Each structure stands twice: as C-alpha cells, then as structure tokens.
Amino acid sequence: MHALGIEGTAHTVGIGIVDDACRILANVYDMVKPEKGGIHPREAANHHAEMVVPLIRKAVDVAGLDLSDVDLVAFSQGPGLGPCLRTVATAARALSLALEVPILGVNHCVAHLEIGRGVTAAKDPVLLYVSGGNTQVIAFARGRYRVFGETLDIGVGNLLDKFAREAGLPFPGGPILEKLAREGRTLVPLPYSVKGMDVAFSGMLTAALTFRKQGTSMEDLAFSIQEVAFAMLTEVTERAMAHLDNPEILLGGGVARNKRLQEMVGRMAADRGAKMFVPPGDLCIDNGAMIAWTGLEMHRGGVRASLADTVVDQRYRTDEVPVSWR
Ligand code: ATP
Ligand code: FE2
C-alpha cells in the first residue's frame, strides 16, 4: 500500500509518499520565506496553493511511481493556520476524488510522534515535540496521546525565531543561533520559567532583548537562551518519563535538530538508563511523509472518513484523536 500525505499547517507545504514498512519513497517540500516580519496566513496559503500540484508531481516522480499507484490520501487537518489548512484540505479532497481512493485527515502533532515510531526503534516513547508553533511533552496513555506538559505562551522555536528577527537575522533563526551559541562563553541570567509540567518563554524573550540593547554579545545571548530554554524542556521531559516510568524519549519538531538540545536530553536519558531517539532532520521538521505514514497506520487500524469528516480544525488537540491503530 502507498499513502500520499500532504502537510500544510503553517509555513511549509510538503508531500510525502510512504509504503507499509514506513519506507520513505518521497518527501519533498517548499517553505514560505517572508521577506520581513512573520508569516502571513493568507500569503502562506497562496504559496501552498501554487506549490501543491507541482510538489505532488515531483513526489510521484521521486518515488518512481504513477499517481494511480497511490492507495490513500492523507492531509494535515490541524492544528494550524486556517487558510493554510483549508488549502491543503481542498487539494487532498480533489486528489482523493480524482484517484477514487480513501482520504484521511491527520492530527499534525500525532504525526510528529508516529513518524518517529515508524523510522526509529522507539516503541512507546515520550515525545518532546519542539517546533516553532508547538512545544509539548506527549505520551500514549489510555487509548490517546496525552499532553503531559506544554508551553503556556509561545513555542520554543518561536522564541528563537523572534529573538533572531529582532536582532536582524533572517528566518528561521534557530539554526543561526545554534551556530552563534557555540562561540558563547558567559551565561546571562534569563528567567527559568517552569510551572509544574508547563513552560513559558515570552519572559525570556523580553529579557534577552533587554540584554541585547545593553550590549551583551549575540554569541553569549544565543548560548544563554539555548542553555536555559533547553534545560527547562529537559526538566519537564524527565518528570514525564519518571511519572510514566517510560525508558524511551523521542524528539520531534524542527528544534529537535539542535545538537545542544539532543546533548542535554540524551545526557538526562542516559543518567536514568533510558534511550533517546532522534529521527533524521527532514522528518523532524514539518513534512508530508509523517502525514502519509500516520494516515496509513490509521487506515490499517480501521479508521475511515467521508468528505464531511475532512473539515479542518485550527485548534485540533492532540488528545482529541482516538488512537485505534495501536
Ligand atoms: P509546527 O507547525 O509543528 O509548530 P513549525 O511550523 O514551527 O511547526 P518545524 O519545521 O517543525 O515547523 O520547525 C521550525 C522551527 O525549528 C523554527 O522555529 C526553526 O527556527 C527551528 N529550528 C530548525 N532547525 C533548528 C536548529 N538547528 N536549532 C534550533 N531550532 C531549529
Ligand atoms: Fe510541526
């Protein structure tokens, strides 16, 4: 069976094709790069509308398949930006009708976890999902993926991107700050904001910008933001693992590509005799393959949808999905 997945919750539109064994036959994407400022939902949706058909063609080419070999169409149903979600849902409906194959809407956060289970040896991991818009600690319990902790304001990637933008660096800021942080030497006191199982980052953003105005170097600030923000994430992740008595931690989301975060979480895992899993970078960021794979698992687990079930949901919560395929 071949599933084609369409991702388009935010800045990236991506098409992935996977088979039953979670072999990634194609995973192509295109990202909006705003000239200045943040992402405008309408502009991103127009971008996705322009790119989605050429990307579908490219994906079947890369996979060495014909469109008629596609047995299932899956798409990102939410959470995300309304106009973007509606654009990819429309594309998915049209493709499913044209090919006369089933369609399934996939929860984007669940897909980040499922692709990690698909391509690594992780079986029932705690997921630390760290991206621009989302920061959540997720694990499977009583038939659902439950959120054990999350950000109370902005996602950790958003913290990095916003700080970088204010400092005049291009989007996405995360990878640039990671390089700068390697030259940082001095830890400046940024607020460490953990509330129970939750974290908050907007106070750190304000504090870091104030230090910047006072002349602290970008290297020291990048270093300090990473040390403090990633320590907060490592702390709540460890608490979830301890509470669930779970010896597996999986990273997902764009920020999971960060080597310092991997080092800190990996160290915590090793200290408690647990194992860390990190999918390849192009499966950490928003991508079509994770949507395709989750759709395929859902379909194998007996989930079916009519066109009426494909209405998008901007606030689609991780724990709203009945996980019948596990
Ligand atoms: P979501 O829709 O799940 O919130 P997203 O739209 O933010 O995701 P992703 O592609 O998962 O998209 O993640 C992008 C984020 O990852 C950006 O904030 C970017 O700065 C960050 N990022 C990418 N590489 C790195 C890195 N090496 N270090 C830190 N952050 C990184
Ligand atoms: Fe994502």
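The structure under discussion appears in the preceding block.
Here goes a summary of the coordinates provided.

Definitions and cut-offs
Residues numbered from 1 in each chain as written. Chains lettered and ligands numbered in written order. Predicted model: local features only at pLDDT ≥ 70, side-chain atom pairs only at ≥ 80, totals over all residues. Heavy atoms only, no water. Buried < 20%, exposed > 50% of the residue type's maximum accessible area, 1.4 Å probe, protein only. Helix = DSSP H or I, 4+ residues; strand = E, 2+ residues; numbered from the N terminus. Right-handed = clockwise from strand over helix to strand, strands pointing away. Axes fitted to C-alpha atoms, helices over the stretch in contact; angles between N-to-C directions. Parallel < 35°, antiparallel > 145°, perpendicular 65-115°, else oblique. Contact = heavy atoms within 4.5 Å. Nonpolar A, V, L, I, M, F, W, Y, C, P; charged D, E, K, R; others polar. Pairing = 2+ DSSP bridges. Polar contact = N/O pair within 3.5 Å; in protein donor to acceptor, adjacent residues only side chain to side chain. Salt bridge = Lys/Arg side-chain N within 4 Å of Asp/Glu carboxyl O. Phe/Tyr/Trp six-rings, centres within 6.5 Å; stacked < 30°, edge-to-face > 60°. Lys NZ or Arg CZ within 6 Å of the ring centre and 35° of its normal.

Re the pairing of strand β5 (residues 103-107)
Thought 1: Counting buried residues in β5 gives 5 out of 5 residues, a clear majority hidden from the surface.
Thought 2: Residue alternation in β5 divides its side chains into two sets, Ile103, Gly105 and Asn107 and Leu104 and Val106, and both sets are buried.
Thought 3: Of the crossover connections in this fold, the one passing from strand β4 (residues 72-78) over helix α2 (residues 82-99) to the parallel β5 is right-handed.

A closer look at the packing of helix α4 (residues 156-166) against helix α5 (residues 173-181)
Thought 1: Relative orientation of the contacting elements α4 and α5 amounts to 80 degrees, with a least axis distance of 8 Å. Here α4 lies roughly perpendicular to α5, going by the angle between them. Every residue of α5 that contacts α4 at Leu160, Asp161, Phe163 and Ala164 is listed here: Gly173, Gly174 and Leu177.
Thought 2: Residue composition of the contact of α4 with α5, by class: 4 nonpolar, 2 polar and 1 charged.

A closer look at the sheet that holds strand β12 (residues 275-277)
In sheet architecture, strand pairing relies on hydrogen bonds along the backbone and comes in two forms, parallel and antiparallel.
Thought 1: Strand order in the open sheet formed by 5 strands is β8-β7-β6-β11-β12, and the pairing between neighbours is mixed. The two strands at the open ends of the sheet, each matched to only one other strand, are β8 (144-150) and β12. Pairs of neighbouring strands in the sheet enclose a mean axial angle of 25 degrees, with direction left out of account.
Thought 2: Note: strand β6 (residues 126-130) against strand β11 (residues 248-252), 4 bridges, orientation parallel. Bridge pairing in β11 places Leu127 opposite Leu250.
Thought 3: Together, β6, β7 (135-141), β8 and β11 form the strand contacts of helix α7 (residues 218-244), whose direction differs from that of β6 by roughly 160 degrees.

Focus on the side chain of His112
Thought 1: Summarising the element assignment, His112 is placed in helix α3 (residues 108-119).
Thought 2: A distance of 3.1 Å separates a polar atom in the side chain of His112 from a polar atom in the side chain of His108.
Thought 3: Among residues more than four places away in sequence, those in contact with His112 are Leu127, Tyr129, Gly253, Cys284, Ile285, Asp286 and Met290.

Observations regarding the pattern of salt bridges
Thought 1: One pass over the structure, following the stated rule, counts 11 salt bridges.
Thought 2: Put simply, Arg117 and Glu297 hold a salt bridge, and the shortest N to O gap is 3.6 Å. Taken as a pair, Arg117 in helix α3 and Glu297 in helix α10 (residues 288-300) lie far apart in primary sequence, 180 residues in all.
Thought 3: Owing to a relative accessible area of 10%, Glu297 belongs among the buried residues under this scheme.
Thought 4: We note a salt bridge from Glu227 to Arg260, for which the minimum N-O separation is 2.8 Å. Of the two residues, Glu227 sits in helix α7 while Arg260 sits in helix α8 (residues 259-271), which places them 33 residues apart along the sequence.
Thought 5: Among the residues examined, Glu227 registers a relative accessible area of 16% and is labelled buried.

Some points on the packing of aromatic side chains
Thought 1: Enumeration over the complete set of coordinates arrives at 1 aromatic pair.
Thought 2: Judged by centre distance (5.5 Å) and plane angle (65 degrees), the ring pair of Phe140 and Tyr145 falls under edge-to-face.
Thought 3: The ring centre of Phe140 lies 4.0 Å from the NZ or CZ of Arg326, which sits over that ring.

Interpretation note: all reported values are geometric properties and have no functional meaning in isolation.
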